[in-house]
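# Structural overview for review
Chain by chain, the residues run as shown.
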Amino acid sequence: MTRFISIEGIARRYPGKGASSDTTIFEDLWLSLDRGEFGCVIGHSGCGKTTVLNILAGLDAPSEGTVIVDGKAIAGTSLDRAVIFQSHALLPWRSVLGNVAYAVASRWPAWPAARVKDHARKFIALVGLAGAEHKRPSELSGGMKQRVGIARALSIEPKILLMDEPFSALDALTRGTLQDEVRRICIETGQTSFMITHDVDEAIFLADKIFLMTNGPGAVLAEVIRNPLPKGRARADLHRHPDYYPVRNHIVDFLVTRSRTFRAATPGHNPRQVPVIAPGAERGEDPAPAHRLAAVAGL
Ligand SMILES: Nc1ncnc2c1ncn2[C@@H]1O[C@H](COP(=O)(O)OP(=O)(O)OP(=O)(O)O)[C@@H](O)[C@H]1O
Ligand SMILES: [Mg+2]
């Protein structure tokens, strides 16, 4: 498998005020995703998740290090990398169709209007909004707006879909439905995706790999969890799978205590060789060492 996304030793620092030294949000961050993989980042507020996503999107630049996507170092934004923000950022004066078609036309400027509309309609249908094409954002619910955001991002057929807590403002029912849709679409289309979430169950349902970041400032990637649940998992019976609680407990333990103590407790941590673990995959054995599969997260 090729490394489709390779984040190589990036740091983000902000200059200190007056005589104070620079603040390092995170440093020496190495992580990778293969083509078609779904990665989720989990970590406390302020550890730098959005900053990493913005760097991947080309909206921000690292103070050190490089990001390689599909064999090329990224420089600036690109229609190859679509972002779904928490606030859907739709154009209020355009209809659902108009919002999606606008993105399609920027991607393929030579297409005639009819082809742009057909293509846009296909993605509007994919997110379950067929029939609502002519509504304006003000006539839509929060969940529907977020669907338009998803349709717009997918319609440009990006190499990478970047999502920053895309469902956090939605009610539980809508969130669940959209999680199902995003998972179905990503599997059907082989979409490579990178998502930030604070919702542990959302990460376990959607992700192939879960990246655990320690608290900032000076945050580091502590572990990569390889999701032990089967690919054909369903949201409704996630909790019945024997590996569900081991993986969930591992993430919650990390967030509650280890994210704070990790750096002091793990002096030999090598950010280039972050442990890849699969909690629960070897049930009945000593949890810590038995689950250390390989140290292959970096290069
Ligand atoms: N322009 C800036 N100048 C100084 N510090 C900044 C700037 N932008 C962001 N930061 C700091 O960088 C850190 C990381 O911010 P970021 O938004 O990436 O966090 P996050 O992990 O996404 O948090 P949340 O979960 O709350 O969204 C924060 O401590 C923030 O205060
Ligand atoms: Mg954020």
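Calculation criteria
- Residues numbered from 1 in each chain as written.
- Chains lettered and ligands numbered in written order.
- Predicted model: local features only at pLDDT ≥ 70, side-chain atom pairs only at ≥ 80, totals over all residues.
- UniProt positions renumbered as here; feature names shortened; annotations may be inferred.
- Helix = DSSP H or I, 4+ residues; strand = E, 2+ residues; numbered from the N terminus.
- Near = placed C-beta within 6 Å.
- Nonpolar A, V, L, I, M, F, W, Y, C, P; charged D, E, K, R; others polar.
- Buried ≥ 20, exposed ≤ 12 C-beta atoms within 10 Å, placed from the backbone.
- Core = buried A, V, L, I, M, F, W, Y, C linked by C-beta atoms within 7 Å.
- Contact = placed C-beta atoms within 7 Å.

As named in an unreviewed UniProt entry, the protein is Nitrate/sulfonate/bicarbonate ABC transporter ATP-binding protein, taken from Zavarzinia compransoris.

## Topic: the UniProt feature "domain: ABC transporter" (unreviewed entry) in the protein
Here, the residues flagged by UniProt with the feature "domain: ABC transporter" (unreviewed entry) are residues 5-240. End C-alpha atoms of residues 5-240 are separated by 33 Å, and the span's content is 31% helix alongside 25% strand.

## Thoughts on the site of ligand 1
Taken together, Y14, I25, G43, S45, G46, C47, G48, K49, T50, T51 and G216 make up the full set of residues adjacent to ligand 1. The biggest single contributor to the shell around ligand 1 is helix α1 (residues 49-57), with 3 residues. Across the shell around ligand 1, the residue classes tally to 3 nonpolar, 7 polar and 1 charged.

## Here we look at α1
Note that an α-helix has 3.6 residues per turn; residues three or four places apart therefore point the same way. Counting buried positions along α1 yields 7 of 9 residues, so the element is predominantly enclosed. Buried within α1 we find K49, T51, V52, L53, I55, L56 and A57. At the C-terminal side of α1, G58 shows a positive phi close to 85°.

## Focus: the nonpolar core
Among the nonpolar cores identified, the biggest contains 73 residues, and V100, I124, A151, L162 and I210 are the most heavily contacted of them. Apart from residues lying up to four places away in sequence, L162 is in contact with L53, L56, A57, R81, A82, V83 and F194.

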